[in-house]
Every structure is written in C-alpha cells, then in structure tokens.
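If you want the building blocks of each chain, they are given just below.
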Amino acid sequence: MKIITLVIALAVSALSFAQQSAKNQRQQSVVYDITKKNMSNVDTIPGFQSRKEKLKITGIIYESDGVTPAKNVVLYIYQADEEGEYHATKVNGKRVLRHEGWARTNDEGRYMFYTFVPGTDWSSKSMKQIHGMIKEPSTDKTYSINQFVFDDDPMLTKSCRKKIAKYGLNNILKLERDAEGMLVGTRDIVLSDEIRHL
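What comes next concerns the included structure. (Residues numbered from 1 in each chain as written. Predicted model: local features only at pLDDT ≥ 70, side-chain atom pairs only at ≥ 80, totals over all residues. Heavy atoms only, no water.)

**Examining the overall build of the chain**
For the record, the criterion: Strands are runs of DSSP state E lasting at least 2 residues, helices are runs of H or I lasting at least 4, and numbering of each runs from the N terminus. Partly exposed residues are those whose accessible area sits between 20% and 50% of the maximum for their type, while under 20% is buried and over 50% is exposed, using a 1.4 Å probe and protein chains only. Residues are treated as being in contact if the distance between any of their heavy atoms lies within 4.5 Å.
Counting its secondary structure elements, the chain contains 2 helices and 14 strands. Counting across all 198 residues of the chain, residues that qualify as buried make up 38%. In the chain, the share of contacts with a sequence separation of at least 24, taken over all contacts with a separation of at least 6, comes to 70%.

**What about the pairing of strand S8 (residues 129–135)?**
As a reminder of what qualifies: We call two strands paired when DSSP finds no fewer than two bridges between them.
Most of S8 is tucked away: 7 of the 7 residues are buried. The alternating pattern of S8 places Gln 129, His 131, Met 133 and Lys 135 and Ile 130, Gly 132 and Ile 134 on opposite faces, both of which are buried. Of the strand pairs in this sheet, strand S3 (residues 74–79) and S8 are connected by 6 bridges, and their pairing is antiparallel. Across the sheet, the residue bridging to Tyr 78 is His 131, located in S8.

**Observations concerning unusual backbone geometry**
A positive phi angle is found at Asn 72, which is not glycine, with a value near 60°. Within the secondary structure, Asn 72 sits in the loop between strand S2 (54–62) and S3. Although it is not a glycine, His 87 adopts a positive phi angle of roughly 55°. Among the structural elements, His 87 can be located in the loop between S3 and strand S4 (88–91).

**A short note on the nonpolar core**
The criterion, for reference: Buried Ala, Val, Leu, Ile, Met, Phe, Trp, Tyr and Cys residues form a nonpolar core when they are joined through side-chain atoms within 4.5 Å.
Counting residues in hydrophobic clusters, the biggest one holds 23 residues, and the most contacted among them are Ile 61, Leu 75, Tyr 111, Ile 134 and Phe 148. Put simply, the parts of the chain that give this core at least two residues each are S2, S3, strand S7 (110–116), S8 and strand S9 (142–150). Top contributing element to this core by residue count: S9, with 4 residues.

**Here we look at the environment of Gly 84**
Along the chain, Gly 84 falls in the loop between S3 and S4. In sequence terms Gly 84 and Lys 128 are 44 residues apart; their C-alpha atoms lie 8.1 Å from each other.

**Comments concerning the pattern of salt bridges**
Using the following cut-off: A side-chain nitrogen of Lys or Arg and a carboxyl oxygen of Asp or Glu constitute a salt bridge if their distance falls within 4 Å.
Per the stated rule, a full pass over the model turns up 3 salt bridges. Among the ionic pairs, Arg 51 bridges to Glu 82, the shortest N-O distance being 3.3 Å. Linking Arg 51 in the loop between strand S1 (42–44) and S2 with Glu 82 in the loop between S3 and S4, this pair joins segments that are 31 residues apart in sequence. According to the relative accessible area criterion, Arg 51 is buried, its value standing at 15%. Looking at Glu 82, the relative accessible area reads 30%, which means it is partly exposed. We note a salt bridge from Arg 161 to Asp 151, for which the minimum N-O separation is 2.8 Å. Of the two residues, Arg 161 sits in helix H2 (residues 158–166) while Asp 151 sits in the loop between S9 and H2, which places them 10 residues apart along the sequence. Residue classification places Asp 151 among the partly exposed positions, given a relative accessible area of 29%.

**As for the packing of aromatic side chains**
Spelled out, the test is: Note on ring pairs: Phe, Tyr and Trp rings are taken, using the six-membered ring of Trp, and paired if centres are within 6.5 Å. Classes follow the plane angle, with under 30 degrees stacked, over 60 edge-to-face and the rest tilted. Charges are assigned to positions over rings by a cutoff of 6 Å between ring centre and Lys NZ or Arg CZ, combined with an angular limit of 35 degrees from the ring normal.
This model, assessed by the stated rule, comprises 5 aromatic pairs. Geometrically, the ring pair formed by Tyr 111 and Phe 113 is tilted, given 6.1 Å between the ring centres and 55° between the ring planes. Clustering of aromatic rings is evident, with ring pairs tying together Tyr 76, Tyr 78, Tyr 86 and Trp 102. It is Arg 51 that lies over the ring of Phe 116; its NZ or CZ is 4.6 Å from the centre. One cation-aromatic arrangement involves Lys 54 over Phe 48; the distance from NZ or CZ to the ring centre is 5.8 Å.

This is the structure:
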C-alpha cells in the first residue's frame, strides 16, 4: 500500500512540475515574441469595442526606488471574457488567448490598456481578475505581478483585503466613470525584488 501511495505521489509531483514548466515557458515566450514588434504604451484588448462595461486601465511603472519612471518596460496582460472564459487557441503552434495585450512604457513610465471588466466562474468563488507580466529592458527574465482585482467585487473578501494591505500591495482597481461613461482604473507598479521571477 505504501508503494502505491508513493508512486501516485511521485506521478502527481511530476505532472505538476511539467504543467508549471510548460506554463512558465509559454508566459516567457509570449512576452519575448511581442518585444520584437513595434509597441506603443497604449494597447486595446480584442473585444473591447463590443463590450458593455468598457474599461481603461492606466498607470506608471517605476524603478525599484519608487520615484524614477521605468521606461521601455513591457507589460503583458490577459483576462477572461465577461463569462469567465479565456478562449485559448493555437496560432502557428503557439497557445494564444483571445483577450490579451501588450504595452511598452514611454519615457514617463506610463502605460494604458483599453479593455473591459472580466467575468468569473461564480461557482468557483474566484475573483474577477486581470493577470499581468513584466519584462524589463535590462534582463531576459519575466516577472509575474499580482493580478489586477476589483474593489467592488463581492469575492474580494475582508480577509483578502487584509492580506493585500499587509503586503503593501496596490493591485485593487477602484473604478470611476469618466465623462464618456467609460470605467477608469489606475494602478502604479514599482519594480522590485518582491516581484517573483518566473
């Protein structure tokens, strides 16, 4: 019985490692592929025009000192649609998500995305979120950043808010409507060793 349990545990560990390794390779290749193209500090996520809850996310990325704007930093984001589906497809042998985009910060460290409020699988009690990754110009490594989450999300519980506050994160988007009725959220990002290398 102990041998069977050990074999199962090893198989699960190997599968988990393989899945994480594949995920890391995909995440890095996504950022690397797009850095070869001309890129602005503004991008529009596919599907933006047809969505009901249009959203503009803007902010400044700073160097680790929290003061100096970080220029030429690539910020890659991806998200689910309004029903919580990511819609992955293969293009030229690579996995591509329907709702993803890239921006390269300008000299002032500014970035902007036109997107929409994502949905979630409510049965899973998951928060609505937009995932992000960063590639700095001085390194080949990519960074995973804490997800953009939404202040009005009922799944963002008090305990989640306490953890976010405890770690000094600012990844909660507090949305307001602009003069045209579009939702706007701001998030500044500081590059630091606290951002996990993949």
